[in-house]
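So the chains spell out like this:
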Amino acid sequence: MPLIELKSGEKRKQLSILEKRGSKMRILLGEREYDIDVVKVENNIYSLLCENRSYNMKVVPAGKKNCYSVRYVCYSYDVEVVDPETRYIESRKKSSGEDDENVISSPMSGKIVRVMVKKGDEVKPGQVVIVVSAMKMESEYKSGKAGKVKEVLVNEGDVVGSDTPLIVLE
Amino acid sequence: MPLIELKSGEKRKQLSILEKRGSKMRILLGEREYDIDVVKVENNIYSLLCENRSYNMKVVPAGKKNCYSVRYVCYSYDVEVVDPETRYIESRKKSSGEDDENVISSPMSGKIVRVMVKKGDEVKPGQVVIVVSAMKMESEYKSGKAGKVKEVLVNEGDVVGSDTPLIVLE
Amino acid sequence: MVKKVLIANRGEIAVRIIRSCREMGISTVAVFSDADRRSLHVRYADEAVHIGPSPSAESYLVKEKIIEAAKITGADAIHPGYGFLSENADFAELVRSEGIIFIGPSAESIRLMGDKISARSIMLDAGVPVVPGSSEKLANNRSAEEIIKETGLPVMIKASAGGGGKGMRLVYKEQDIKSSLEAAKSEAKDAFGDDSVYIEKYITSPHHIEFQVLADKYGNIIHLCERECSVQRRHQKIVEETPSPLMTDGLRKEMGNKAIEAARSVNYEGAGTIEFLVDDKLNYYFLEMNTRLQVEHPITERVTGVDLVKEQIRIASGEPLSYKQGDIFQDGHAIECRVYAEDPGNDFMPCPGKVVKITEPMGLGVRTDGYVYEGYEVPVHYDPMISKVITWGKTREEAIDRMLRSLKEYNIMGIKTTIDLLERIMEIPRFREGRYDTHFIEEHYDELLGPRDHTEKTGDLAMIVAYLEYAGKRDLMKNGESFNSHSKWKIENRRKNLSGQ
Amino acid sequence: MVKKVLIANRGEIAVRIIRSCREMGISTVAVFSDADRRSLHVRYADEAVHIGPSPSAESYLVKEKIIEAAKITGADAIHPGYGFLSENADFAELVRSEGIIFIGPSAESIRLMGDKISARSIMLDAGVPVVPGSSEKLANNRSAEEIIKETGLPVMIKASAGGGGKGMRLVYKEQDIKSSLEAAKSEAKDAFGDDSVYIEKYITSPHHIEFQVLADKYGNIIHLCERECSVQRRHQKIVEETPSPLMTDGLRKEMGNKAIEAARSVNYEGAGTIEFLVDDKLNYYFLEMNTRLQVEHPITERVTGVDLVKEQIRIASGEPLSYKQGDIFQDGHAIECRVYAEDPGNDFMPCPGKVVKITEPMGLGVRTDGYVYEGYEVPVHYDPMISKVITWGKTREEAIDRMLRSLKEYNIMGIKTTIDLLERIMEIPRFREGRYDTHFIEEHYDELLGPRDHTEKTGDLAMIVAYLEYAGKRDLMKNGESFNSHSKWKIENRRKNLSGQ
């Protein structure tokens, strides 16, 4: 099995499957070993039994590639699966200096009410660049950093999904 | 569009789509024309609007190829879509004299309690050949015709799904 | 108070018990067979222990495995649900001998009520009317024939160890007595390993009416009024309601008191049900006592407001009853319909299989107690009941209208169910008027199971939908993408392509 | 009796109204905008008419389109639900002038109660206490400052045409009076095109308690007791209960009678709600009247057994009230929790999107009124409320425990919701003790929205599940088949392959 690493918040742990019989698995995660009985009972829902305890865990993709949001009763975890491919890209990005932070994306779906900058404008950190309306409420999106607007990807009146790139800075 | 024929009970009607705009369609079915607005709202569920009436129609595969069971409130319809391929196979079968009726299949899932015939036995129409148990009830399966047992495909204690072939007659 | 309850059951009743435990802050332990790894009770409980292969004789019915599971998890109480080991006196005894609380009556009460003939004679002593007939097991055909002549035809011959309609024979004519006796005995021998039978007068136009009782460890016993359970097929209930359309205030009081006497006569403890047969002239006769929770207990919960599972747990924990008789009254009307995984159009053949889709009825006055979910494969090994719909109304009429509305909302795809049959029952005038007895289903067989009228148009639209589903699948196979896809954009794109052709 | 009702609304309330119509045998007509073709009310109604583009100003708020839809389908009555045109007097008038029954009060009643200042003075005349302050629109800052001095600080400045917290300013200090007045006026002008404001004494520790009333065409008016609605964020209710923990029998009777007087003073007809502000010393003041059904009406339905929508329809059909005041009593306790598609962790930002999966809570004492289903895309155009959970218990404690159990069962995936926040509200001691006022949410912000404690183990298991989901998808892409597939056989096969590697 290729080396798999999992990231959740501050934590980073390596996973390997030591044994697998039917729905039962022995898994080494970081320093701890788990004997679990796991079945996917519905789309996006797993039933785990571990030391007789029953866990009904729900998982949905969390926007970014290989990222999942996992929920168990009231607890939520954002987990990223770092596979060899991702690690390769990560290391390449670091060396080339590419940066996702140059893109301002919409955190929620909505309708673009106002675009407050245009191509070539200089923006300051915290400056409101776009206003989106959803469900009878307006929200202001701010730039996280200073920079020059390279491109505005949306027009007023557009309906956008969540995580849609709106504005690119140079 | 290739010619499509639909069979439901005694009825056999030809369907053609005359027009399609967004979710709206004009369909000719047999002699009647329908203007409908149709969207698939969930897996297996369609919402139809026709002359302002709202129909929430549910459809599941009905075992045989290209056969569907459609439900609208309390009404159930078994519909077969006869495509050109099926028509070709049908006509070939007729000429070669092949016959599905030589196979006794299970109408429901269950556990084989008793197999009452073996290879080479002669069976009479109505003779009980197999007993299946499901959900605390036993059901007897009978042969529909006379014949000699060519093969028994299951053993006592087996769990079978519905429509599983159990016994083949010569 | 009990801290951790093991539920020695599966299906809807296991889930229902866990719900009340949750509300009380009590931990729960599920047990499961191979076939039930994906069952909802396993997913829903705090803990779950595997207890063996799928057949219940090798899992849910093995007393020792249940006890072991309780010990492993440190459960201090066991709730048996209904069915399985719930009326097994030896199990109740074994549980207690292991120092675990059994949520139910004493083994002695279960035993006394378990044997129909001993129960009959105890009831006679307690002044509770029983159906005229024999009070003892019949030794030979000679005395049986004498008793039948004394009781007067028609009579019912019943297996002493019986249940579920096995070892029963109805005799109308004198010349059939001998052969029916022999047939009943042979069937009883086969089914229960005991050929003892007894004789009961056969009641024409019988109503099956039962009373819910609750009794604590301190001799306090109350009744929670009646349930009318006369809509049956093959001696199995499918619709129940409370109040009974037959009941009067006076009769309720009288029968309720008899039910309390019946429970007292066996030193009953916990929740139990006294079943009566009532004829058209409102004569009532003790039939049997169920020494456990009933399937149809939710209608009583709805009109009285009492959570029966919570009361069971409180009683087993040694608390006195939370209610006095004067606190109990029926508010409005409640009906329960049982949804079975069966094909009513094919002689009620069981219909296990995969649930492709399920939509539960919701809104005012509706409760469902089920356990199947989308993608769940209903196993072949256990009872075919998958859900119960309970509706409430200020009046009986409103409860029926609400039930009809709910059944129409209830959508279970992939397996055949009794939902359509239940809808039709709600529509039959004799049901709506409340004039029915246990012969109701057989007397309305054609109306309940015959073909439904429909219009040309709905048939045509069904054809169109079948075509669209077919076309969607065909395109999916050809292009890896369906034109019926959920995504609006994909549809739009494809349509543009089509119009360009 | 009305025969066919058009519901001029969408979402859960449209579905809820259709349910009651079904139970009464009344046909239903849905209307829908572009964004709502797939909405449940369209699928569930008998008929459905398209009325325009997605923004409500071009569809649900266009009176003429609604009337046209009613005419096309032959609907003889229109139910406005809540929000949209429900409190639009012109609409009520237009509907009636077209010979269609408007299920609600007269245009005159709506108008009188719609303007806060006119409502205030009518209440004063009818002997219903109002919050001390101005009874007229304020002409200039001079007189406003005088009134504020008379009333005594703190005061609330409110927009006369207002709602939703806009044009409101709380003034504690004398030096802030002038600037606050100017700010309130400017905001009111922006929001409502009318800069009239009025002054009210600010009540510390305020409780928002409302009374449900029903009035027929014949002058019969009853109240259906109170609802406690003090758990609010941004002046929007999220949890309601009845009875109010603050209420006494005597006060209920007194306030109920005042509510009836308030309704009588505007010749009210139909279902309506009188909102009061109550302080800790149980002084109560009229706040406003909602001349329509409330979002939180189900808790009243649960404890009184009255189906309010059915009563609305009967009243509009000209029938006298089905109930007398003496028939109404509160049986047990009911709580409602509102589920919004919002992210409470991100300042309650709306969270429209696709519902990947939904599991409704079920069982004893639970009702949900929702409208979203699996695969449904919650539109960005309308209110973010997607569902309401209503639980009942014999006692307030049982209702809370049942609500907690239900919220834990409620699973909505794909969008963020307020479910976790609601769970935490049920757990806060001050809520459980019933000692809370409208400041509850702000005073418990950290407990309600801070991070949850969790164990190392659940975090680890979450990582494992994320990996399995990832591995399943990866295999699906590689082989066209997932090792996490529902089919047991596929899993077995793949495992065999793996072990053979």
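Treat the numbers as computed from the prediction; the structure is a model and nothing was measured.

Enquirer: Could you clarify how one ought to interpret the overall build of chain A in this entry?
Expert: For chain A, the helix and strand inventory stands at one helix and 16 strands. Here chain A holds 170 residues, and the buried ones make up 42% of them. Of all intrachain contacts in chain A linking residues separated by at least 6 positions in sequence, the fraction that spans at least 24 positions is 36%.

Enquirer: In this structure, what is going on with the overall build of chain C? I would like to understand it.
Expert: Of regular secondary structure, chain C possesses 18 helices and 22 strands. Its C-alpha atoms give chain C a radius of gyration of 25 Å, within 12% of the compact-globule value 23 Å for 501 residues. In terms of its C-alpha atoms, chain C occupies a principal-axis envelope of roughly 90 × 55 × 45 Å. Here chain C, with 501 residues, has 64% of them falling under the buried criterion. Partitioning the intrachain contacts of chain C with sequence separation of at least 6 by distance along the chain shows that 63% fall at a separation of at least 24. Of the roughly 17,900 Å² that chain C leaves accessible, carbon and sulfur atoms contribute 49%. Separation of charge centres in chain C, based on 67 positive and 79 negative side chains, amounts to 5 Å.

Enquirer: Help me understand the pattern of salt bridges in this model?
Expert: Between side chains of opposite charge, pairing is possible as soon as their charged atoms come close. All names here are of chain D. In this structure the tally under the stated criterion is 125 salt bridges over all chains. Salt-bridge contacts for R252 lead to E226; the nearest nitrogen and oxygen are separated by 2.9 Å. Of this pair, R252 sits in helix 9 (residues 249-265) while E226 sits in strand 10 (residues 221-233), and the two are 26 residues apart along the sequence. Residue class for R252 comes out buried when judged on its relative accessible area of 13%. In this structure, R338 and E296 form a salt bridge, with 2.9 Å as the shortest nitrogen-oxygen distance. Taken together, the positions of R338 in strand 14 (residues 333-340) and E296 in the loop between strand 13 (284-290) and helix 10 (297-304) put the pair 42 residues apart, joining distant regions of the chain. Each of the two residues, R338 as well as E296, counts as buried.

Enquirer: Before we go on, may I ask you to explain the domain arrangement of chain A in this structure?
Expert: Buried accessible area, meaning the area lost when the parts come together, often serves as the stated size of an interface. Parsing chain A into structural domains produces domain 1 (4-82) and domain 2 (97-169). Taking only C-alpha atoms, the centre of domain 1 of chain A and the centre of domain 2 of chain A are 35 Å apart.

Enquirer: Explain the pairing of strand 8 (residues 75-82) of chain A to me, please; I cannot follow it from the model alone.
Expert: Look at any regular strand and the pattern is simple: side chains alternate between the two faces of the sheet. Residue and element names in this part refer to chain A. In terms of strand pairing, strand 1 (residues 4-8) meets strand 8 through three bridges, oriented antiparallel. Note that in strand 8 the partner of K7 across the bridge is E80. As defined by bridge partners, strand 7 (residues 67-72) adjoins strand 8 across six bridges and the pair is classed as antiparallel. Counterpart to Y68 in the pairing with strand 8 is V79. From the end of strand 7 to the start of strand 8, which pair antiparallel, there are two residues, and V73 there has a positive phi angle of about 40 degrees.

Enquirer: So what exactly am I meant to see when it comes to the packing of aromatic side chains here?
Expert: For any pair of aromatic rings, the description consists of the separation of the ring centres together with the inter-plane angle of the planes. A complete count under the given rule lists 28 aromatic pairs over all chains for this structure. Judged by centre distance (5.6 Å) and plane angle (70 degrees), the rings of Y371 of chain C and Y376 of chain C are edge-to-face. Of the residues examined, Y371 of chain C reaches a relative accessible area of 2% and is grouped as buried. Between F211 of chain D and F276 of chain D the ring centres are 6.1 Å apart and the planes differ by 85 degrees, which places this aromatic pair in the edge-to-face class.

Enquirer: Would you explain the sheet that holds strand 11 (residues 122-123) of chain A in this entry?
Expert: Two modes of strand pairing occur in sheets, parallel and antiparallel, and in both the strands are linked by backbone hydrogen bonds. All names here are of chain A. One open sheet holds the four strands; their spatial order is 9-16-14-11, and the pairing between them is antiparallel. The open sheet is flanked by strand 9 (103-105) and strand 11, the only strands paired with a single partner. Judged from the three bridges that link them, strand 9 and strand 16 (residues 165-169) form a sheet pairing that is antiparallel. Paired with V103 across the strands is V168, a residue of strand 16.

Enquirer: So what exactly am I meant to see when it comes to the domain arrangement of chain C here?
Expert: Domain boundaries assigned for chain C yield domain 1 (4-103), domain 2 (132-201), domain 3 (207-449) and domain 4 (454-498). For domain 2 of chain C and domain 3 of chain C, the distance between their C-alpha centroids amounts to 29 Å.

Enquirer: How do you make sense of the interface of chain D and chain B when you look at a structure like this?
Expert: With 14 residues of chain D at the interface, the matching set in chain B holds 14 residues. Interface area lost by chain D to chain B is led by R37, R38 and R43 of chain D, which between them contribute 53%. Where chain D touches chain B, the interface holds two salt bridges. A salt bridge links R43 of chain D to E42 of chain B, with the nearest nitrogen and oxygen atoms 3.0 Å apart. Summed over the shared surface of chain D and chain B, the number is eight residue pairs in polar contact (both at pLDDT 80 or more). When residues of the side of chain D that touches chain B are traced back to their parent elements, those giving at least two are helix 2 (40-44), strand 3 (47-52) and helix 3 (63-73) of chain D. No other element matches strand 3 of chain D, which puts three residues into the side of chain D that touches chain B. By residue class, the composition of the side of chain D that touches chain B is seven nonpolar, one polar and six charged.

Enquirer: Would you take a moment to explain the interface of chain B and chain C for this structure?
Expert: At the interface, 57 residues of chain B touch 48 residues of chain C. A combined buried area of about 4,800 Å² lies between chain B and chain C, and 69% of that area is made up of carbon and sulfur atoms. Joining chain B to chain C, the criterion identifies six salt bridges. A salt bridge links K40 of chain B to E469 of chain C, with the nearest nitrogen and oxygen atoms 3.2 Å apart. Here chain B is connected to chain C by 10 residue pairs in polar contact (both at pLDDT 80 or more).

Enquirer: Whenever I open this one, helix 8 (residues 177-192) of chain D confuses me. Can you help?
Expert: Helical geometry: 3.6 residues make up each α-helical turn, so side chains three or four residues apart lie on a common side. For helix 8 of chain D, spanning 16 residues, the distance from its first C-alpha to its last is 22 Å, which sits close to the expected 22 Å at 1.5 Å a residue. Of the residues trailing helix 8 of chain D, G193 of chain D is marked for its positive phi of about 70 degrees.

Enquirer: Honestly, the confidence of the model for chain A in this entry has me stumped. Any pointers?
Expert: Detailed reading of the predicted coordinates is not advisable wherever pLDDT is low. A residue-level look at chain A finds 89% of positions with pLDDT of 70 or above and a mean pLDDT of 85. The lowest-confidence element of chain A is helix 1 (residues 84-96) of chain A, averaging 64 in pLDDT; the highest-confidence one is strand 5 (residues 45-50) of chain A, averaging 98.

Enquirer: Is there a simple way to explain empty space enclosed by the protein in this structure?
Expert: If a probe as big as a water molecule is rolled over the atoms, it shows which places are left empty. For the structure shown, the criterion picks out 15 cavities of 30 Å³ or more. In this structure, the largest cavity encloses a volume near 150 Å³. Along its surface, the largest cavity is lined by 17 residues, and R302 and V366 of chain C together with R302, G365 and V366 of chain D are the ones closest to its centre. Elements that contribute at least two residues to the lining of the largest cavity include exactly strand 19 (366-370) and strand 21 (385-393) of chain C together with strand 19 (366-370) and strand 21 (385-393) of chain D. Its residues placed into classes, the lining of the largest cavity shows eight nonpolar, five polar and four charged.

Enquirer: How do you make sense of the sheet that holds strand 19 of chain D when you look at a structure like this?
Expert: Residues and elements named next belong to chain D. Here eight strands make up an open sheet; going across it, the order is 13-12-9-10-11-14-21-19 and the pairing antiparallel. A single partner strand is all that each edge strand has here, and the edge strands are strand 13 and strand 19. Averaged over all adjacent pairs, the angle separating strand axes in this sheet is 25 degrees, with direction ignored. Examined bridge by bridge, strand 9 (residues 207-215) and strand 12 (residues 270-278) share nine bridges and lie antiparallel to one another. Bridged to H207 within strand 12 is V278. The sheet strands contacting helix 10 are strand 9, strand 10, strand 11 (236-242), strand 14, strand 19 and strand 21, and the helix crosses strand 14 at an angle near 155 degrees.

Enquirer: Could you clarify how one ought to interpret the confidence of the model for chain C in this entry?
Expert: All names here are of chain C. Counting all residues, the mean pLDDT for chain C is 91, and 92% of those residues have values of 70 or more. Contacts from residues 480-501, a stretch scored under 50 in pLDDT, to residues over four places away or in other chains number 37 contacts. Both scores are given for the predicted complex: the pTM is 0.88, the ipTM 0.86.

Enquirer: Looking at this structure, I do not really get the pairing of strand 7 of chain A. What am I missing?
Expert: Residue and element names in this part refer to chain A. Bridging between strand 6 (residues 53-61) and strand 7 involves five bridges; their strand directions are antiparallel. Considered in strand 7, the bridge of P61 is made with Y68. Connecting strand 6 to the next strand, strand 7, in antiparallel fashion are five residues, including G63 with a positive phi near 90 degrees.

Cut-off values and rules
- Residues numbered from 1 in each chain as written.
- Chains lettered and ligands numbered in written order.
- Predicted model: local features only at pLDDT ≥ 70, side-chain atom pairs only at ≥ 80, totals over all residues.
- Heavy atoms only, no water.
- Helix = DSSP H or I, 4+ residues; strand = E, 2+ residues; numbered from the N terminus.
- Buried < 20%, exposed > 50% of the residue type's maximum accessible area, 1.4 Å probe, protein only.
- Contact = heavy atoms within 4.5 Å.
- Rg over C-alpha atoms; globule rule 2.2 N^0.38 Å.
- Areas by Shrake-Rupley, 256 points an atom, 1.4 Å probe, with all protein chains shown as cover.
- Lys, Arg positive; Asp, Glu negative; His and termini not counted.
- Charge placed at Lys NZ, Arg CZ, Asp CG, Glu CD.
- Salt bridge = Lys/Arg side-chain N within 4 Å of Asp/Glu carboxyl O.
- Domains from an automatic or database assignment.
- Pairing = 2+ DSSP bridges.
- Phe/Tyr/Trp six-rings, centres within 6.5 Å; stacked < 30°, edge-to-face > 60°.
- Buried area = accessible area lost by both parts, 1.4 Å probe.
- Polar contact = N/O pair within 3.5 Å; in protein donor to acceptor, adjacent residues only side chain to side chain.
- Nonpolar A, V, L, I, M, F, W, Y, C, P; charged D, E, K, R; others polar.
- Expected span 1.5 Å × (residues − 1).
- pLDDT = per-residue confidence, 0-100.
- 1 Å grid on protein atoms, 1.4 Å probe; cavity = no way out; pocket = protein on both sides within 12 Å on 5 of 7 lines; lining within 4 Å.
- Points joined across faces, edges and corners; volume = space filled by probe spheres on them.
- Axes fitted to C-alpha atoms, helices over the stretch in contact; angles between N-to-C directions.

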